[in-house]
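# Structural characterization, general
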Amino acid sequence: MRVGVFDSGLGGLTVIQAITKTFKGAQIFYIADTLFAPYGEKSEEQILKHSLDVTNHLLRNHQIDVLIVACNTATSAAIKYLREKFPSLILIGTEPGIKPAMQNTLTKKVGVLATAVTLGGNKYQELLNKLSKEHDVEIFEQACIGLVEQIENGKINHPETVSMLRDWLKPMHESSVDTIVLGCTHYPLVSEVIKDVMGANISLIETGTAIAKRLEDLSSQSGHINDGELMIKVFYTGDIKIDMINMILDTWQNGGKIVVRDTNE
Ligand code: DGL
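In what follows, the accompanying structure is described. (Residues numbered from 1 in each chain as written. Predicted model: local features only at pLDDT ≥ 70, side-chain atom pairs only at ≥ 80, totals over all residues. Heavy atoms only, no water.)

In the region of the ligand, 13 residues are neighbours, and Ser8, Tyr39, Gly40, Thr73 and Thr185 sit closest. Gly40 is positioned such that a nitrogen or oxygen atom in its backbone is 2.7 Å from an oxygen atom of the ligand. A distance of 2.6 Å is found between an oxygen atom of the ligand and a side-chain nitrogen or oxygen belonging to Thr73. Protein coverage of the free-state accessible area of the ligand, which is 300 Å², stands at 99%. In this structure the site holding the ligand corresponds to the largest cavity. By residue class, the composition of the shell around the ligand is five nonpolar, seven polar and one charged. (Near = heavy atom within 4 Å. Polar contact = N/O pair within 3.5 Å; in protein donor to acceptor, adjacent residues only side chain to side chain. Areas by Shrake-Rupley, 256 points an atom, 1.4 Å probe, with all protein chains shown as cover. 1 Å grid on protein atoms, 1.4 Å probe; cavity = no way out; pocket = protein on both sides within 12 Å on 5 of 7 lines; lining within 4 Å. Sits in = over half its atoms within 2 Å of the grid points. Nonpolar A, V, L, I, M, F, W, Y, C, P; charged D, E, K, R; others polar.)

The structure is reproduced here in structure tokens:
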């Protein structure tokens, strides 16, 4: 099985990390579209174009059977179109985990951190409207403009990043938010900073595990045997901090998985 995965940069690696815990016997081709990052500060039309270009590239050059859009922003802007255009491709998108967050909260207050495109998109708004009818939960939304760049630049624990997060999280902290949705695949990379600001008891909801489960279900339905080696190739379209890739990969418990860091694609 050949699985294509893309994001604007390093964020999608947090999704692949979850996949490596349970998925076997496949080749994963990861594209960090850093030439056009951050997606969250582009128009929906631009994001759609880049998503389409990356998908065509993965189909042509790597003959993928499955595509994982490991980016909430690109999912919001492009997944509907990609599903229509590539009906035979197994497609998995990424959406903020508002549902598990609403089920988890005890204070009935949930924070959602995401890009402005994701928060303003129809997909998120429709999901929120539907879930708000089922759960009596107050939602605190925050578009984290500039956070993706900080992460891409390796400024994880940098005072600037800590200060940005302190400002964004202040209203949530003061209102006893107990659950925060990480609605961008980059944000798990700053989860320790978020925990420092919000306190160790904060629940952070990410979507990697749910995507890994969906991949297992859909691939087994199409005959995939979940056994054998998992090969991961990482490509990037523009500049990327290789030491950030190394830092992320070092945190993986990837016994037996082979990761190849490739040059520009
Ligand atoms: N990882 C992307 C997401 O999940 C980041 C978007 C961006 O590049 O701004 O939304």
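Moving on to the environment of Glu229. Within the fold, Glu229 resides in the loop between helix H10 (208-221) and strand E9 (230-236). What makes Glu229 exposed here is its relative accessible area of 52%. In the structure, Glu229 is positioned 206 residues away from Phe23 in sequence and 9.3 Å away in space, judged by C-alpha atoms. (Helix = DSSP H or I, 4+ residues; strand = E, 2+ residues; numbered from the N terminus. Buried < 20%, exposed > 50% of the residue type's maximum accessible area, 1.4 Å probe, protein only.)

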